[in-house]
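Working through the structure, step by step
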Amino acid sequence: MEIKKYLGDRKRLVEDKLHSLMIAAHGPFSDHIEAMRYSLFVGGKRIRPILCLASAEAVTGDPVLLNEALVTGCAIECIHTYSLIHDDLPAMDDDDLRRGKPTNHKLYGEAGAILAGDGLLTFAFELLARPGASMRTTRQLEIIRLVAEASGSLGMVGGQALDIAGENTNYPFEHLKTIHRSKTGALIRCAIQAGALAGDAEDQQVDQLTRYGEAIGLAFQIVDDLLDETSTTEVLGKSAGADKARGKATYPAFFGIEETKKLAQQAVEKAKQALKGFDTQPTLLVQLADYIYDRTH
Ligand code: GRG
């Protein structure tokens, strides 16, 4: 399938599912829920749930298991959205624009935005721990633990803490790699691993998809560093040039633009290598790896 069509179809599928999960869980009326819904539906590429689903599709065609992967991906998207809401707060990156629209705290105030993020994070675990999920309980618990680890202090939250502490300091490149791996890479890798587990993959497949996910997570953040330097606020839907303005270390700051592009490409190639030996070559995952390099926002 052509990758643009695949991304469009899956984005719609994810958004329809997110709508139905939010309505089923919360009922329609309250300012707090509205603040959660605002950031969840204001835009976004939905790359984490799409990767979760594509990973499951690489190991199973069973529609029941694919639905499990879809719900899992939606939970991860809720966590991603919470992280963006909190990242934009005045106490963190203090941004006015996200996904091309005003940031959550600009509309709902700081307390409202903190609570919207908290609500989304908690809702994600409600979804992951849902009763009656059509997978083995051990698998469901494995996914819950994986998502908790990837989002928490040894993953995204820890990476964010290191990132903030490192602003305007001259730390070595190895430290930047740790920040990238934890702040951004962990949740992307986890989306792919969780998709494989929801699809009831064999251990060897989980291992290969984990290595794919690690490489894709790194490629994604290197490209994010590049876009921050080379693109515009209009195209990105968030403030371009923000990394430099905040004294953040990035790949281009260490290596320059051209070398950074090569490093991103190498990470994409490493991801594709990890898929070698799959019974049927997971073409979509290969194409998604290329998309992550080619993306413009
Ligand atoms: C506040 C705990 C906490 C963590 C924040 C995700 C994050 C950690 C900070 C966001 C800062 C940032 C720009 C990170 C770079 C990579 C990244 C996560 C970009 C945004 O993800 P996309 O491109 O966004 O998938 P969309 O809007 O498409 O969902």
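Okay, so let's go over this structure. (Residues numbered from 1 in each chain as written. Predicted model: local features only at pLDDT ≥ 70, side-chain atom pairs only at ≥ 80, totals over all residues. Heavy atoms only, no water.)

With respect to the packing of helix α8 (residues 173-198) against helix α9 (residues 203-230)
When two helices pack together, their arrangement is given by the angle between their axes and by how far apart the axes lie. For the pair α8 and α9, the least separation of the axes is 8 Å and the interaxial angle reads 145°. The element α8 and its partner α9 pack so that their crossing is right-handed. For the pair α8 and α9, the contacting residues are H180, K183, T184, G185, I188, R189, I192, Q193, A196 and L197 in the first and V206, L209, T210, Y212, G213, E214, I216, G217, F220, Q221 and D225 in the second. Each residue belonging to the contact of α8 with α9 can be placed in one class, and the counts come to nine nonpolar, eight polar and four charged. (Axes fitted to C-alpha atoms, helices over the stretch in contact; angles between N-to-C directions. Helix = DSSP H or I, 4+ residues; strand = E, 2+ residues; numbered from the N terminus. Left-handed = near helix turned anticlockwise from the far one by under 90°. Contact = heavy atoms within 4.5 Å. Nonpolar A, V, L, I, M, F, W, Y, C, P; charged D, E, K, R; others polar.)

Considering the site of the ligand
K45, R48, H80, R99 and Q221 are the nearest of the 22 residues found near the ligand. Within the side chain of K45, one N or O atom sits 2.6 Å away from an oxygen atom of the ligand. Here an oxygen atom of the ligand and a side-chain polar atom of R48 are 2.7 Å apart. Expressed as a share of its isolated accessible area of 690 Å², the protein-covered part of the ligand is 92%. Looking at the shell around the ligand, the elements with two or more residues in it are α3 (47-59), α4 (63-87), α7 (156-165), α8 and α9. Ranked by residues supplied to the shell around the ligand, first place goes to α4 with six residues. (Near = heavy atom within 4 Å. Polar contact = N/O pair within 3.5 Å; in protein donor to acceptor, adjacent residues only side chain to side chain. Areas by Shrake-Rupley, 256 points an atom, 1.4 Å probe, with all protein chains shown as cover.)

Considering empty space enclosed by the protein
Scanning the entire structure with this criterion turns up one cavity of 30 Å³ or more. Taken as a whole, the largest cavity encloses approximately 90 Å³ of empty space. Around the largest cavity sit Y38, S39, V42, T81, L84, I85, D88, R98, R99, P102, T103 and N104, which together line it. Of all the elements in the fold, those that place two or more residues in the lining of the largest cavity are α2 (31-41) and α4. Ranked by residue count, the leading element in the lining of the largest cavity is α4, at three residues. (1 Å grid on protein atoms, 1.4 Å probe; cavity = no way out; pocket = protein on both sides within 12 Å on 5 of 7 lines; lining within 4 Å. Points joined across faces, edges and corners; volume = space filled by probe spheres on them.)

Thoughts on the packing of aromatic side chains
Applying the stated criterion to the full structure yields six aromatic pairs. Consider the rings of F173 and Y251, whose centres lie 5.3 Å apart with planes at 80°: the pair is edge-to-face. Taken together, the residues span a long stretch of sequence, with F173 in helix α8 and Y251 in helix α12 (residues 251-255) at a distance of 78 residues. By relative accessible area, F173 is classed as partly exposed at 21%. On the basis of relative accessible area, Y251 is assigned to the buried category, the value being 3%. Their ring planes at 65° and their centres at 5.6 Å tell us that F173 and F254 sit as a pair that is edge-to-face. With F173 in helix α8 and F254 in helix α12, this residue pair connects regions lying 81 residues apart in the sequence. Members of the aromatic cluster, connected to one another through ring pairs, are F173, Y251, F254 and F255. Across the ring face of F220, the terminal group of R295 is positioned such that the distance to the ring centre comes to 3.8 Å. (Phe/Tyr/Trp six-rings, centres within 6.5 Å; stacked < 30°, edge-to-face > 60°. Buried < 20%, exposed > 50% of the residue type's maximum accessible area, 1.4 Å probe, protein only. Lys NZ or Arg CZ within 6 Å of the ring centre and 35° of its normal.)

Observations regarding the environment of Q221
One can find Q221 in helix α9. Through-space distance from the C-alpha of Q221 to that of T250 is 9.3 Å; in sequence the pair is 29 residues apart. In contact with Q221, not counting residues within four places along its chain, are H180, K183 and T184.

Some words on the nonpolar core
Taken as a class, soluble globular proteins show a tendency for nonpolar side chains to be buried jointly. By size, the foremost hydrophobic cluster in this structure holds 75 residues, and its most contacted members are L51, I143, L209, Y212, I216, L288 and I292. Top element by residues in this core is α4. It accounts for 11 residues. Setting aside chain neighbours within four positions, we find I143 in contact with T72, L128, M135, A194, L197 and A198. Formed by 11 residues, the second largest nonpolar core is a distinct cluster that contains L176, L227, L236 and Y251. (Core = buried A, V, L, I, M, F, W, Y, C linked by side-chain atoms within 4.5 Å.)

With respect to the packing of helix α13 (residues 257-274) against helix α14 (residues 283-294)
For the pair α13 and α14, interaxial distance at closest approach is 9 Å and the crossing angle is 170°. The angle between α13 and α14 places the two elements in the roughly antiparallel class. Packed against α13, whose contacting residues are K261, A264, Q265, V268 and K272, the element α14 presents V286, A289, D290 and Y293 at the interface. Split by residue class, the contact of α13 with α14 holds five nonpolar, one polar and three charged. (Parallel < 35°, antiparallel > 145°, perpendicular 65-115°, else oblique.)

A word on the layout of surface pockets
Its boundaries defined by the atoms lining it, the second largest pocket holds a volume of some 620 Å³. Residue lining of the second largest pocket: 28 residues in total, with K177, R181, E214, A215 and L218 positioned closest to the centre. When residues of the lining of the second largest pocket are traced back to their parent elements, those giving at least two are α6 (137-151), α7, α8, α9 and α13. Counting residues per element, the lining of the second largest pocket draws most heavily on α8, at eight residues. A breakdown of the residues in the lining of the second largest pocket according to their chemical character gives 12 nonpolar, nine polar and seven charged.

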